[in-house]
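Structural features, examined
Listed here are the chains, written in short residue letters.
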Amino acid sequence: MGAIRANLQAVTLRVARAAQAAGRDPQTVRLLAVSKTHPAAFVDEAYHAGQVAFGENYVQEALAKMTALAQLPIEWHLIGPLQSNKTRVVAERFAWVQSVESERVARRLDAQRPAALPPLNVLLQVNISGEASKSGVAPEALPGLARAVAAMPRLRLRGLMAIPEPTRDAGLQRARFRAVRELADRLRADGLDLDTLSLGMSDDLEAAIAEGATLVRIGTAIFGLRKDAAAASQAGERDRDHAAEIHS
Ligand SMILES: *Cc1c(COP(=O)(O)O)cnc(C)c1O
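Described in the following lines is the structure provided in the data block. These figures come from a predicted structure and were not determined experimentally.

About the thresholds
- Residues numbered from 1 in each chain as written.
- Predicted model: local features only at pLDDT ≥ 70, side-chain atom pairs only at ≥ 80, totals over all residues.
- Heavy atoms only, no water.
- Buried < 20%, exposed > 50% of the residue type's maximum accessible area, 1.4 Å probe, protein only.
- Helix = DSSP H or I, 4+ residues; strand = E, 2+ residues; numbered from the N terminus.
- Pairing = 2+ DSSP bridges.
- Right-handed = clockwise from strand over helix to strand, strands pointing away.
- Salt bridge = Lys/Arg side-chain N within 4 Å of Asp/Glu carboxyl O.
- Core = buried A, V, L, I, M, F, W, Y, C linked by side-chain atoms within 4.5 Å.
- Contact = heavy atoms within 4.5 Å.

1. As for the pairing of strand β6 (residues 155–161)
- The buried count for β6 comes to six of seven residues, which makes it a mostly enclosed element.
- As paired elements, strand β5 (residues 120–125) and β6 share six bridges and run parallel to each other. Counterpart to V122 in the pairing with β6 is L157.
- Relative to strand β7 (residues 196–198), β6 is paired through three bridges, and the arrangement is parallel. Following the sheet pairing, M161 is matched in β7 by S198.
- For the crossover from β6 across helix α7 (residues 170–189) to β7, the handedness is right-handed.

2. Focus: the pattern of salt bridges
- Going through the model one piece at a time under the given rule, you end up with 11 salt bridges.
- With a shortest N-O distance of 3.1 Å, R188 and D185 are connected by a salt bridge. Here R188 pairs with D185, and both are found in helix α7, just three residues apart, close to one helical turn.
- One network of salt bridges, in which partners are shared, links R174, R178, R181, D185, R188 and E211.

3. A short note on the nonpolar core
- Within the largest apolar cluster, 66 residues are counted, with the highest numbers of intra-cluster contacts made by F54, L109, L124, V149, L160, V216 and I222.
- The element contributing the most residues to this core is helix α1 (residues 3–21), with six residues.
- Among all residues touching I222, those that are not within four sequence positions of it are I4, N7, L8, V11, L31 and A33.
- With five residues, the next largest nonpolar core counts V34, A53, I79 and L215 among its residues.

Dropping the structure here:
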């Protein structure tokens, strides 16, 4: 059995166990395979092992893989920062954008989503780490942005995404994920129809599922260490934990 297929099975089992431990139906948690920096051949292998949804961070890199794998009905998600000069191609080629954090970018996506396609699925990226992260909308600005995006006809607002600063403190992990879920709960109470909480990566998917994640974004546990991350994960881990504690 190929390594990617085996890894997918192992991750699927982790997801199922985490869901069961939280008293949730494992079917309520979707797996997004994050293929950034990995070749199209890896995506192809994962697709043939049954994985349909893939996440990419960099638009140009994603387009190259989409072209290479055009014959496969893959569901592509953009999970990396989106600049407004890239919105047209994103509106044309992706099924989901998880990293919307401004009304300006949302308006462009709405205007540029082709009429022949279904509305673009959108998640608003929330900054719950404060100064430790420059990405995402501040919680105070979220309700206004959510109302604006929900009214855009060519976008379908599905929920929230967040990338908390990494920490090994399980209690802190859960507290941060819970904060995002509570923001989503408040938007729902205000009448927005949200069904997606994109929380959790290879190292913290259990905590995310315990706090209500419906979509986990998994790269390393499926495809192995990324070249750029292999060195950084050893050198940076202590520093990142330290930074996370300072900013929490
Ligand atoms: C890279 C990335 C992931 C996957 O991270 P792993 O730790 O490799 O599972 C998930 N979400 C986002 C936004 C990413 O950039």
